[in-house]
Amino acid sequence: MQMTAYIVMLFALLGTLFLGGWTGVAFLTGREERLKFSEYGHLAITGLVCAASGILLWALVTKNYAFYSVFSHVDSTLEFAYTLTAFWAGSEGSLLFWELSMALCVGIFVFTPGYKELPQRTRAYFWLVFFVVQAFFLLMLTCWVNPFVQAVPTPPDGKGMNPLLRNPGMIFHPPLLLLGYAGFVIPGCAAIAAALSGDGSQWIRSTRNFTILSWIFLTSGIILGGWWSYMELGWGGYWAWDPVENASLIPWCTGTAFLHTAIVGSRRNALARSNMLLMALTFVLCVFGTYLVRSGVVESLHAFGEGGVARPLLSFILFLTAVSVVSVLQCKLTDQRSLGGLISREGFLVIAAWTLIALGFVVGLGTMWPVISKTWSSKPMGLDAHFYNRVCLPLFALLVLLFSACPWLGWKEGVRDKRGLMAAGAAFLIAAGVFVAMGYTLPLALVGAAGGVACMTTAVLAVGLLPDARGRKSLGSYAVHLGLGLMALGVAFSGPYQVGVERDVHPGETFEVGGYTVKLNELHEKSSASMARLIAELEVSKNGKVIGTVVPERRLYRGYEQPFAEVAVLPGLGDEIFAVLLGLTEDGGASVKVNVNPLVNWIWIGGILLSFAPFLVLRYGRGKGKE
Amino acid sequence: MATKGGKGIYIAALLLFLGGVGYLIASGVTNDSVYFLNVGEALATEPAKLKQARLFGNVAAEGIERMQPGPGVNFILLDKENPGQSLRVSYRGAVPDTFKAGAEVIVEGGMGAAPTAAGEGTVFTASTLITKCPSKYEKQNRG
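What counts, and at which threshold
Residues numbered from 1 in each chain as written. Chains lettered and ligands numbered in written order. Predicted model: local features only at pLDDT ≥ 70, side-chain atom pairs only at ≥ 80, totals over all residues. Helix = DSSP H or I, 4+ residues; strand = E, 2+ residues; numbered from the N terminus. Contact = placed C-beta atoms within 7 Å. Buried ≥ 20, exposed ≤ 12 C-beta atoms within 10 Å, placed from the backbone. Pairing = 2+ DSSP bridges. Expected span 1.5 Å × (residues − 1). Axes fitted to C-alpha atoms, helices over the stretch in contact; angles between N-to-C directions. pLDDT = per-residue confidence, 0-100. Parallel < 35°, antiparallel > 145°, perpendicular 65-115°, else oblique. Left-handed = near helix turned anticlockwise from the far one by under 90°. Nonpolar A, V, L, I, M, F, W, Y, C, P; charged D, E, K, R; others polar. Arc of directions from axis to C-beta.

Chemist: Got a minute to help me understand the overall build of chain A in this structure?
Modeler: When helices and strands are counted, chain A shows 21 helices and 11 strands. Counting only C-alpha atoms and orienting by the principal axes, one finds that chain A spans roughly 85 × 75 × 55 Å. The contacts in chain A between residues at least 6 apart in sequence include a share of 72% that link residues at least 24 apart.

Chemist: Mind showing me how you'd approach the overall build of chain B here?
Modeler: For chain B, the helix and strand inventory stands at 3 helices and 7 strands. Start at the N end of chain B and walk to the C end: the helices and strands fall as α-β-α-β-β-β-β-β-β-α. Within chain B, the fraction of its 143 residues that count as buried is 34%. For chain B, contacts bridging at least 24 residues in sequence account for 50% of all contacts bridging at least 6.

Chemist: Looking at this model, I keep getting lost on the pairing of strand S5 (residues 531-542) of chain A. Mind explaining?
Modeler: Regular strands place side chains that alternate from one sheet face to the opposite one. All names here are of chain A. Sheet topology note: the strand S4 (residues 516-527)/S5 ladder contains 10 bridges and is antiparallel. Within S5, the position partnered with Leu-523 by the bridge is Ala-536. The antiparallel hairpin formed by S4 and S5 contains 3 residues in its connecting segment. With 5 bridges joining them, S5 and strand S6 (residues 545-550) adopt antiparallel strand pairing. Paired with Val-540 across the two strands is Gly-548, which belongs to S6. What sits between S5 and S6 in their antiparallel hairpin is a turn of 2 residues, with Asn-543 showing a positive phi close to 50°.

Chemist: Explain helix H2 (residues 35-61) of chain A to me, please; I cannot follow it from the model alone.
Modeler: Side chains three or four residues apart in an α-helix point the same way, a direct result of the helix having 3.6 residues per turn. Look at H2(A): 39 Å from first C-alpha to last across 27 residues, which is about the 39 Å you get at 1.5 Å a residue. Two residues or fewer after H2(A) comes A:Lys63, characterised by a positive phi angle close to 50°.

Chemist: Quick question: what am I supposed to make of the sheet that holds strand S11 (residues 590-598) of chain A here?
Modeler: The strands that make up a sheet are held in pairs by hydrogen bonds between backbone atoms, and each pair lies either parallel or antiparallel. All names here are of chain A. Taking strand neighbours across the sheet as the criterion, the 4 strands line up as S2-S11-S10-S9 in an open arrangement whose pairing is antiparallel. Here the strands that pair on one side only, and so sit at the sheet edges, are strand S2 (499-505) and strand S9 (568-570). Each neighbouring strand pair of the sheet contributes to a mean axis angle of 20°, computed without reference to strand direction. In the sheet, strand S10 (residues 575-584) pairs with S11 via 9 bridges, with the strands oriented antiparallel. Counted as the bridge partner of Ile-577 is Val-596 from S11.

Chemist: Which parts of the structure should I look at to understand the confidence of the model for chain B?
Modeler: Any segment with low pLDDT has predicted coordinates that should not be analysed in fine detail. Residues and elements named next belong to chain B. With 81% of its residues at a pLDDT of 70 or more, chain B shows a mean pLDDT of 78. Note that residues 115-119 has pLDDT below 50 and, in this model, 5 contacts with residues that lie over four places away or in other chains. Throughout residues 135-143 the model reports pLDDT below 50, and contacts reaching past four residues in sequence, or to other chains, amount to 17 contacts. Listed scores for the predicted complex are pTM 0.90 and ipTM 0.81.

Chemist: How should unusual backbone geometry be read in this particular structure?
Modeler: Residues and elements named next belong to chain A. In this chain, Val-152 is followed by Pro-153 through a cis amide linkage whose omega measures -15°. Here Pro-153 shows up in the loop between helix H7 (120-143) and helix H8 (168-183). One non-glycine residue with positive phi stands out, namely Asn-269, at about 55°. Mapping Asn-269 onto the fold places it in the loop between helix H12 (243-268) and helix H13 (272-295).

Chemist: How should the confidence of the model for chain A be read in this particular structure?
Modeler: This prediction gives chain A a mean pLDDT of 89; 96% of its residues lie at or above 70. Scored below 50 in pLDDT, residues 623-627 of chain A shows 6 contacts in the model against residues more than four places distant or in partner chains.

Chemist: Would you explain the packing of helix H9 (residues 185-197) of chain A against H13(A) in this entry?
Modeler: Any two packed helices are characterised by how steeply their axes cross, that is the angle between the axes, and by the distance between the axes. Residues and elements named next belong to chain A. At a closest axis distance of 8 Å, the pairing of H9 and H13 adopts a crossing angle of 140°. Overall, the two elements H9 and H13 adopt an arrangement that is oblique. Remark: the crossing between H9 and H13 carries left-handed chirality. Where H9 approaches H13, its residues Val-185, Pro-187, Gly-188, Ala-191, Ile-192, Ala-194 and Ala-195 are matched on the opposing element by Met-276, Met-279, Ala-280, Thr-282 and Phe-283. For the contact of H9 with H13, the residue count by class is 10 nonpolar, 2 polar and no charged.

Chemist: Help me understand the environment of A:Phe361, please; the structure alone is not making it clear to me.
Modeler: Residue and element names in this part refer to chain A. Considering the arrangement of structural elements, one finds Phe-361 in helix H15 (residues 345-372). Judged by the 16 C-beta atoms lying within 10 Å of it, Phe-361 is partly exposed. With 144 residues separating them in the primary sequence, Phe-361 and Val-505 have C-alpha atoms 46 Å apart.

Chemist: Help me understand helix H17 (residues 418-437) of chain A in this model?
Modeler: All names here are of chain A. With 20 residues, H17 extends 28 Å from end C-alpha to end C-alpha; this agrees with the ideal 28 Å at 1.5 Å per step. Looking only at H17, the buried set comprises Gly-420, Ala-423, Ala-424, Ala-427, Phe-428, Ala-431 and Phe-435. Each buried residue of H17 sits inside an arc of 140° when the element is viewed along its axis, so together they form one side. Across from the buried face of H17, at angles greater than 90 degrees, the exposed residues are Lys-418, Arg-419, Met-422, Ala-426, Leu-429, Gly-433, Val-436 and Ala-437. Buried residues along H17 sit against helix H16 (385-405) and helix H18 (443-465). Looking one or two residues beyond H17, the residue adopting positive phi is Gly-439, at roughly 100°.

Chemist: When you look at the packing of H7(A) against H9(A) in this model, what are you seeing that I'm missing?
Modeler: Residues and elements named next belong to chain A. The N-to-C vectors of H7 and H9 enclose an angle of 130°; their axes lie 8 Å apart at closest approach. Classified by the interaxial angle, the pair formed by H7 and H9 is oblique. The way H7 lies across H9 gives a crossing that is right-handed. Residues Arg-121, Thr-122, Tyr-125, Phe-126, Val-129, Phe-130 and Val-133 of H7 lie in contact with H9, whose contacting residues are Val-185, Cys-189, Ala-190, Ile-192, Ala-193, Ala-194, Leu-196 and Ser-197. Of the residues assigned to the contact of H7 with H9, the class counts are 12 nonpolar, 2 polar and 1 charged.

Chemist: Mind showing me how you'd approach the environment of A:Gly414 here?
Modeler: Residues and elements named next belong to chain A. Among the secondary structure elements, Gly-414 is positioned in the loop between H16 and H17. Taking the C-alpha atoms as reference points, Gly-414 and Leu-342, 72 residues apart in sequence, are found 8.8 Å from one another. Setting aside residues no more than four positions away along its own chain, Gly-414 makes contact with Ile-343, Ser-344 and Leu-409.

Chemist: Would you mind going over the pairing of S10(A) with me for this structure?
Modeler: All names here are of chain A. With 8 of its 10 residues buried, S10 lies for the most part within the structure. Taken together, the 3 bridges between S9 and S10 define a ladder with antiparallel strand orientation. Looking at S10, one finds that Ala-568 is bridged to Ala-579. Connecting S10 to the next strand, S11, in antiparallel fashion are 5 residues, including Gly-588 with a positive phi near 85°.

Written out as structure tokens, the structure reads:
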């Protein structure tokens, strides 16, 4: 079976190389009608990759431990759903999933009206670039990270999946991120192709849906990862600025910047080359993200080990960057219009894009600092979370403020709706005044939170006041920014104003945390076939009134010697009580951690809007619809 | 791409923007950069320079003592490449579930703040203790 799958992958690689050559020759000889063959060829390759993936999936379903990747992540007791998630639990499987998603996305793209609208030359270049990318991925999968390695002799049982991964987060978070990365291959390759063929903005319209869908996948993957880390892993925080988290945030920043400049591009026929470069680099940065995770170049909490793939990946990243930059630099466009004034919607979209690019740059710089600092220091220096908070949070606050004003400006110059602008300004001042009166005086958090309120005010008022804001797509975009405002509010409060206590308590004892009184009511054990559980019942009260009970657990899973914490929360739209049972003390008490996280749930509510509202922005049917 | 006057104002705004970001980055790099070291490298550095550092290593099998009253733990951190080099670490706070002998951990804190009860050399006082996510077995398998 392993051999069959491996041979199928080899054929996919050879087929891709052949198609690349075929496309090149067809193009050079001017017989571009032969591109049809490239399209059908790609569908055949997609079929091969699907077949190989199907074999791995079948091996998982039947728990065939002769597959090393099955043996590494599955055992006989693992539930069916998590057995399937083992597909992307390892370095090899996740890369195969990426390649599979990429092949499928492009396979679907071929049948969209957008693809047919691309000029013939751009299409030819698209296939050339894409086949190079796909050949590289297939090369990795057949040489350095082969998912079809055989375990000899066949082990009787597998190693099992780590309990931390047996969580709904595992079902959605990794595939969403990978789908996001993979989806950007379409606009990424189209951007390079457009630069080579001199197509100003058609590629943006043609790949629009795929860009937005990839953005949705990436965004929801990132947000779900934050939620998973907050809720289930018991880390207590939703974002730790770990290199692996940062790896997904960098392409998100440039991709989001592109969404903003693309509006100027397709609407005003300006910024064509910036758009091409931004999108091409976004895809390169997706690959860079996987390099960070797989190369061991920076220390991280949850990276894959180094698997010999670092050097080829880095070479490919440099190659793709060079191709992107050179193609954009040589691109000559004649029909480009100039930008309007700075104080205009165009101007603000451009500043928003700068801010997002700066964010991506800062995150990248911070992540790579241990590597960069080696150029002058014998011992590597790194940057801790304070660095990111100091540099990134002001930029995020600026983004929120920019949006609060942007819709009220005219396209080319000046203010178009004074009422709205003044309302947003008033919302900002009033919110800031109220927060100060409530005792929240940290300047940055204050600007962020008041900015969040102004941003939401704008998002809601714009739909009421602006005549062009009521279409489906506009509504979608305002809803996304409403989500952004909610997230800004949540982060500004839950970050600096979180209060936490770690304490040993005995049943009947109480302690104070952030104005709440917590009492350990009971500590008991339960056990079942798959795990033993230690359960603490903590009663939470405020001003003498009981508001609820949180029941954090520690679980000892079969086959794992160390226990795992199961977090419990008392959810609320104001304060959320977050409790972790750290363990037993020697004298029969419990060691617990209780946090009070203000407004943290607004982050998830905002995140849901951010993940779902963009579906409204998609182009449905064949209509040409504007941005 | 912009008209002449328009282009000027964009360039001015960009310079202003880059100045602001540059200032933020410079102040961040000066204030928040810490050494990222393996145990061996940390031992070769003057303790005075390690007021704030992040260390990487493995937990030694011997010498794990839970703090009483908890939560917290004292343990010996071994260099990943050269287990002969070791450093005592004292950490107060919630101990992660996956912390155990042999685990690969990251500690943040400073050197030499307090000598241990055992009275052995310098102690690294950690304010955070993170175990590497053990989900991905690759490293152990290849090692």
